[in-house]
Structures are given as C-alpha cells and as structure tokens.
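# Notes for the structure review
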Amino acid sequence: MKNKFNFLTKESIKSKINTKAFKIINIFLCLLLIILINIDGIIKLFGGDFNELVNIYIYDEANVKDKLIGVMNENSFNLLDSYNAKISETDKNLEDLKKEIVEEESSDIIIHIIPNEEVSIENIFSAEVISYEYIDNLLLQEINSSINQVKTQMALDMSNISDELLQSINKSVNIERVLLNEDLDPNDELMKLVGAIITIIFVMPIFMLIITIVQMIGAEINEEKTSKGMEIIISSVSPQTHFLSKLVSSNLFALLQTGLLIIYGLIGSIIRIFTNGSMNIGNILSGIASSENVNISATEILNLISQSDMLARLKMGIPFFIVLIILTFIVYTLFIGILASITTSMEDFNQIQTPVMIFLMAGYFLAIYSSMFQGSLFLRIMSYIPFISGILSPVMYALGEIAISDLFISIGLLIGTVFLLYKYGLKVYKVGILNYSSSNLWKKIFRALKN
C-alpha cells in the first residue's frame, strides 16, 4: 500500500510539474514579480519627459522671491524631487523665457509675481503660472499653495505684527493625546496600523493558495472520473490510498509553488537593491502612515516596531500560524475532494465550489475588517470556526485581539474537523468515485452521506 501511495503521489506531482503550462506560467510569474518590484526603475529606464529636468523660474516684480523660494523648498522638497524639478535662477527677461519655452516645447515653469497698483491686505500681489503644456495637478496645487502662503505671511507683516508675534501665530497647536486608561500605550494606534498592513500581506497569499489547491484537487478527481480512468486506478489501489495521494500531492504542489513565488520575490528584491540601493520599506510604511493622518517618520515607525511587543508576539505566534495554515489546507482539500468524488462533469464541479468560496470569502473579508472592528465579540467567535480560523485567527492575534489560548482553541477545532471529514468523508468518497449517476448533484451527496 505504501509503495502504491508513493507512486500515485509522485505521478500526480509529476503530471502537474512536467507540463508546458506550468513552466510557461512560472516564467511569466517570475518576470511579473521582478517587473512589479522594480516597476519605477523600469519606467525610468525607457526614458520619457519625466527624466527631463523641470526648471521652475520665479520672475519676481513684487520683491517676494526669497520668501517664495523658502516656502517652496520647505513644503515641496520631496514633491519637486519626484517631478525632477528644481527652482532655478535666470538673468533672462520674461518674454525671452516664454519664447525659449515655446521654441523648445519645454516643460519648464515660470512663476510670474505681479505687484498690484493699489496694495491692500486682500490684494498684495497677483501671480501667473506659465507653462507650455498642462502641469500635473499635484505639482500645480503645491505651487498655488506656496504662493498663497507667501501672501498670508506678507499680509501679517503689513498688519504691523512683530516677528515674534508672527512666529507665535504660525506656530502649530501643541496637541497632546490624553488617555484616561493608564494601561493603554499611546503608540498602540500606530501599531494597529502596522497590524493592518500585516493583514494585507498575510491574507492575500493564503487566500490565493487555498483557491489554487481547491481547483487543482477537484479538477483532477473530476477529470479522472469523466475520462473513466478512475475505474482502472481503483482496480489497483484502495479508495483510501487514492484519496490520500490526491490530498498530499495537491498540498505539496501548492507549497512548491509558494516556494517558487518567494524565490521570484527575492530575485526581484535583490535586483532592486543592486539597482536602487534599497527596498525603501521605511518610505512605504511612512507613506501608509501619512495616508492615515499619522504624523510620524519612517525611522520612528521602524524603531517603534522594534521596541514594541509586536515582534515578540509574532515570533511566539508563528508556530501556531503554520499549524493553522497547514490544517486549513488539509480541511479544504478533504472537503473539496469529498465533494468532487460525487461529480460527473465540470458543471457539477463548478457547483460544488460555491460553498468553498463562501467560506473563503467570509474568512477573507472578516480578516480585512478585523482591524476596523477591534474588540468585536463576533469576530472573536468567528476566529474559532474551521474553514475560517486559518485566515482570521493569525490576523486577530497579530492585532492583539486574541491570545495564544484562542489559537489553541482554533487548532483544536480544526483537528476535530479534519478527523470528522476524514472518517465520514472517506465513506462518501468510496461511494462517490464510482457513482456515475446523472441525478441531482446535491441529492447524490446527501444520499452518499445517508448510506
């Protein structure tokens, strides 16, 4: 029996790997990941208008040039660098600058500051932003904002406000968070944000892997039945051996594909490090934090993560995560294998994927929403449910919503589900693989369970 099991498992894996489709798809995935990781460098490699230096000339007739340069450098330094733009000096007059831009069809920009004849606090000066073509909205907004900020500063100066008072007026309000619960850490909010990022990174690969396994094992069993090859196989091996070989080969293939994707990602990352110098992970975290209105730098985020208990909690939870994920894979492969044994056509197989996709989508969306509805009793209960717990429980633990004891409960329930599915599902499998009845699919399933 052992030799037959090993033979079936090896042949099943070989049949998946030794195909043109597998090789072509993996070549495509490797190239795709490398391109996505290095997309900005690839875009710049082919050149374009964004590679040209954009000169921003300030043609000042109202004596505000120094203030405007100071404001723009302070507010828009990173933005100007992104657009490959810089504030440049020139001795040319306005008409010559315009003529030069038109003749060269240049992307340079002229900020023309025009003094008003009757100066008032409301109307100190006017401005023109001159360019040959349209300016990107984000860059234009920054230019307009800088001009308006200079106008505000000059209006305050005209109001005979001293420099000290002006600095006091412009000084930001010192806003301090006061938490009445002394046990809370003010940095917990940021750690929740980091937890949400981990959620996205963790959930998607697991979700896609389960879908891959489900479609693979179901399609393979269904194909053997529709081609009548099942009868030949079952005449040589027991249904139990055949069933186990399908489960093992499908999971091993999924793990192999996962390993290949990780290798492709590492190759892309190494190429990026050698071409750009770094992965800029800190900037990515800082950008996400900024989008959530969290005023903190990338260095502070990384330092906070290293000093917090999140890393220690994750290190402690990783062994449980691995067990949960493996058990979840087994549960789904058992479930879909049992259901696929009843099918006699691809239409039947498509029908049985519905309950599987419902469980998967439930786990996926609950994991995504777990960072929004923290402290939810419903989510905590759902983290125990087999088919869902493998996706939801690790995320809930990373966010600090459940403890190690809860992971033990989830694992225990999954083990029980695996036992029940194998014990009773194998009986359904034995009946189903040789059942070619064209009667209603679900009636066949319930009849097999009853028998």
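Notes on the structure follow.

Calculation notes
Residues numbered from 1 in each chain as written. Predicted model: local features only at pLDDT ≥ 70, side-chain atom pairs only at ≥ 80, totals over all residues. Heavy atoms only, no water. Buried < 20%, exposed > 50% of the residue type's maximum accessible area, 1.4 Å probe, protein only. Helix = DSSP H or I, 4+ residues; strand = E, 2+ residues; numbered from the N terminus. Pairing = 2+ DSSP bridges. Axes fitted to C-alpha atoms, helices over the stretch in contact; angles between N-to-C directions. Parallel < 35°, antiparallel > 145°, perpendicular 65-115°, else oblique. Contact = heavy atoms within 4.5 Å. Nonpolar A, V, L, I, M, F, W, Y, C, P; charged D, E, K, R; others polar. Salt bridge = Lys/Arg side-chain N within 4 Å of Asp/Glu carboxyl O. Polar contact = N/O pair within 3.5 Å; in protein donor to acceptor, adjacent residues only side chain to side chain.

## Considerations on the pairing of strand 1 (residues 54-60)
Burial analysis of strand 1 places 5 of its 7 residues in the buried class, which makes it a mostly covered element. With 4 bridges connecting them, strand 1 and strand 2 (residues 85-88) associate as parallel partners. Within strand 2, the residue paired with Ile56 across the bridge is Ile87.

## Digging into the environment of Leu314
Relative to the helices and strands, Leu314 resides in helix 13 (residues 310-340). Residues Leu314 and Ala398, spaced 84 residues apart in sequence, show a C-alpha to C-alpha distance of 6.4 Å.

## Brief notes about the packing of helix 16 (residues 389-398) against helix 17 (residues 404-432)
Closest axis-to-axis distance for the helix 16/helix 17 pair is 10 Å, and the angle between their directions is 175°. Here helix 16 lies roughly antiparallel to helix 17, going by the angle between them. Residues Ser389, Ser393 and Tyr397 of helix 16 touch helix 17, and the partners they reach there are Ile404, Leu407, Ser410 and Leu414. In terms of residue class, the contact of helix 16 with helix 17 is built from 4 nonpolar, 3 polar and no charged.

## Observations concerning the pattern of salt bridges
When charged atoms on two side chains of opposite charge get close, those side chains can pair. Within this structure, the stated rule accounts for 3 salt bridges. A salt bridge links Glu95 to Lys98; the nearest nitrogen and oxygen atoms lie 4.0 Å apart. Of the two residues, Glu95 and Lys98 both sit in helix 5 (residues 94-104), 3 residues apart, roughly one turn of that helix. The class of Glu95 is exposed, set by a relative accessible area of 52%. Of the charged contacts, one joins Asp406 and Arg380 as a salt bridge, the two residues approaching to 3.2 Å between their closest N and O atoms.

## What about the side chain of Ser106?
Residue placement: Ser106 occurs in the loop between helix 5 and strand 3 (109-115). From its side chain, Ser106 meets the backbone nitrogen of Asp108 in a polar contact 3.0 Å long. With residues up to four places along the chain from it excluded, the contact list for Ser106 reads Ile101 and Tyr132.

## Thoughts on the sheet that holds strand 2
Pairing is mixed across the open sheet formed by 4 strands, whose spatial order is 2-1-3-4. The open sheet terminates on both sides in strands that have one partner only, identified here as strand 2 and strand 4 (125-131). Sheet twist, expressed as the mean angle between neighbouring strand axes with direction ignored, is 20°. Strand direction decides the pairing type here: strand 3 and strand 4, joined by 7 bridges, are antiparallel.

## Focus: the environment of Met208
Turning to its location among the elements, Met208 is positioned in helix 8 (residues 188-226). Given the relative accessible area of 44%, Met208 is considered partly exposed. When the C-alpha positions of Met208 and Leu360 are compared, they lie 9.7 Å apart, and in sequence the two are 152 residues distant.

Spatial relationships are all this shows, so hold off on functional conclusions.
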